[in-house]
Amino acid sequence: MKNARQLNFANQKDQTITSINRLLMDHLFSSQLYQKIAQNAAHIDHEGCFPEQEFKLIAEAGLLEIVLPSHSLDFSQRKNHGLLMLLKAIGKASLPVGRIYEGHINALYLIYLFGKTEQKQRWFADVILGKKMFSVWNTQDMEGVRIYDLGNGKYRLQGCKTFCSGASRIARPLVTGELVSARKKGWQMVIIPTEKVKEIKMDNSFWKPLGMRASASFRMDFSGIEISENDLLGLPDAYYQQPHFSGGALRFAAVQLGGAEALLDETHKFLRGLKRTDDPFQRARIAEIAYLTETGNLWIKQAGLKTDDSTENPEAIAQLLAYVNMTRTMVEEICLRSMQLAERSVGARGLMRPNPMERIHRDLTTYLRQPAPDATLTAIGEYVLKQESTTGIWDSLSKKSS
């Protein structure tokens, strides 16, 4: 039996979710933001394009700063479920837009976690007043990036990153690199004030992807860029601090699930348009896509709530990371199966331009290729096998101890 305190807490959660859903309706649907992004998705589907109009609309809707202090999805208020639903909605409208927006949110979260008070004030003002976009660029190219300590609070970067989503449109890229210093060493985060340094060299020649063309994920060369001590974020190796590092997979999984929901919408429209709704095989396929996407929603919701409830207890962190890994893996499988079913439903004619299915299929295929899927799966198994019993294995640790 639940006691009164537990019931009250559960009611508060339900009320929070309801208010978050209302918030999303206000931000996305009454303003027609989602529809405008979706309608323009085909026009930006080419290499070298950046969704300028989309991010102008996102900025005007107040979504660049929505996670900052005193805003609707303030990180400190632990509203991960609402944030995940927002990311999913934008991903449903356009996966490239969702990818770039998720990178912006990721950077702001790292600032929230590791920034000094002065840094938070400065960088958050860049978002609120300057409407500047942030992103996280961590993928190494060749030997990657090194950050050399020049002394007197000055540092020089050397080397390149690749898959830098947003490329030159990102005014505040968060870049990681090996810190080379006599005073401290490790994997250091820096945020580059692009207007105060020499131009970062951009190479878009390799960016010829199957999908996600408009994410503008180019190669960026930071060689010779000089920054100050105030541009360093957190201590060395803070970037890999758990559960924040692996837990971030929830955000890109939410965007990906938006792609699966877009497939459901387009398959539904296609079949109704052709009056194929009486075909029992089509009914079976659309039913499976429907319950798969709803399964994804349940995983995302539960993972978001578990993230909000998480503590710094090592056992709680291990449990949360295993659950996040399961969610990420399940969303990938949901997307892959939904793609397969949608393909069979619409046939060849549904996979030709200008049908949106063709573009969504390419974008989702590319975006699903995230790092270390096999290691993610085996990490889940490792956690499960370390437990003395699987009974109640995913119950929160606070419930187990009560």
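Thresholds applied
- Residues numbered from 1 in each chain as written.
- Predicted model: local features only at pLDDT ≥ 70, side-chain atom pairs only at ≥ 80, totals over all residues.
- Heavy atoms only, no water.
- Helix = DSSP H or I, 4+ residues; strand = E, 2+ residues; numbered from the N terminus.
- Rg over C-alpha atoms; globule rule 2.2 N^0.38 Å.
- Buried < 20%, exposed > 50% of the residue type's maximum accessible area, 1.4 Å probe, protein only.
- Areas by Shrake-Rupley, 256 points an atom, 1.4 Å probe, with all protein chains shown as cover.
- Expected span 1.5 Å × (residues − 1).
- Axes fitted to C-alpha atoms, helices over the stretch in contact; angles between N-to-C directions.
- Parallel < 35°, antiparallel > 145°, perpendicular 65-115°, else oblique.
- Left-handed = near helix turned anticlockwise from the far one by under 90°.
- Contact = heavy atoms within 4.5 Å.
- Nonpolar A, V, L, I, M, F, W, Y, C, P; charged D, E, K, R; others polar.
- Phe/Tyr/Trp six-rings, centres within 6.5 Å; stacked < 30°, edge-to-face > 60°.
- Salt bridge = Lys/Arg side-chain N within 4 Å of Asp/Glu carboxyl O.

**Student:** Could you give me a rundown of the overall build of the protein, with the residues and numbers involved?
**Tutor:** Looking only at helices and strands, the protein features 13 helices and nine strands. In terms of C-alpha radius of gyration, the protein reaches 22 Å, essentially the compact-globule figure of 21 Å for 402 residues. Dimensions along the principal axes, computed over C-alpha positions, put the protein at roughly 75 × 55 × 40 Å. The buried share of the protein, taken over its 402 residues, is 53%. A total accessible area of about 19,300 Å² is found for the protein, and carbon and sulfur atoms account for 52% of it.

**Student:** Now, about helix α4 (residues 80-93): what can you tell me, with residues and values included?
**Tutor:** Taking 1.5 Å of rise per residue, 14 residues should cover 20 Å, and α4 covers 20 Å from first to last C-alpha, within 8% of that figure. The element α4 is largely enclosed, with a buried count of twelve among its 14 residues. Every buried residue belonging to α4 is among His81, Gly82, Leu83, Leu84, Met85, Leu86, Leu87, Lys88, Ala89, Ile90, Gly91 and Ala93, and all of these are buried.

**Student:** Give me the lowdown on the packing of helix α10 (residues 314-346) against helix α12 (residues 373-386), citing residues and values where you can.
**Tutor:** One can describe the packing of α10 onto α12 by two numbers: an axis separation of 9 Å at closest approach and a directional angle of 135 degrees. Between α10 and α12, the interaxial angle falls into the category oblique. The chirality of how α10 crosses α12 is left-handed. On α12, the residues touching Ala318, Gln319, Ala322, Asn325, Met326, Arg328, Thr329 and Glu332 of α10 are Pro373, Thr376, Leu377, Ala379, Ile380 and Tyr383. Residues of the contact of α10 with α12, tallied by class, amount to eight nonpolar, four polar and two charged.

**Student:** Outline the packing of aromatic side chains, supporting the account with residue identities and numerical values.
**Tutor:** For the structure shown, the criterion picks out 15 aromatic pairs. Measuring from ring centre to ring centre gives 5.5 Å for Tyr383 and Trp394, while their planes differ by 25 degrees; the resulting arrangement is stacked. One end of the pair, Tyr383, is in helix α12; the other, Trp394, is in the loop between α12 and α13 (397-401), with eleven residues separating them in the sequence. Taking the relative accessible area as the measure of exposure, Tyr383 reaches 10% and is therefore buried. Here a set of aromatic residues connected by ring pairs shows up, and it is made of Trp187, Tyr239, Tyr240 and Phe245.

**Student:** Hey, could you go over the pattern of salt bridges for me, with residue numbers and the actual values?
**Tutor:** Counted by the stated rule, this structure contains 28 salt bridges. Across the salt bridge formed by Arg362 and Asp45, the nearest N and O atoms sit 2.5 Å from each other. In this pair, Arg362 is assigned in helix α11 (residues 356-367) and Asp45 in the loop between α2 (33-40) and α3 (52-60), connecting sequence segments 317 residues apart. We classify Arg362 as buried; its relative accessible area is 8%. Under the relative-accessibility criterion, Asp45 is labelled buried at 14%. Residue Asp149 pairs with Arg183 through a salt bridge whose shortest N-O separation is 3.1 Å. Of this pair, Asp149 sits in strand β2 (residues 140-151) while Arg183 sits in the loop between β4 (172-180) and β5 (186-191), placing them 34 residues apart in sequence. Owing to a relative accessible area of 56%, Arg183 belongs among the exposed residues under this scheme. Beyond isolated ion pairs, a larger network of salt bridges with shared partners links Asp45, Glu47, Arg213, Arg353, Glu358 and Arg362.

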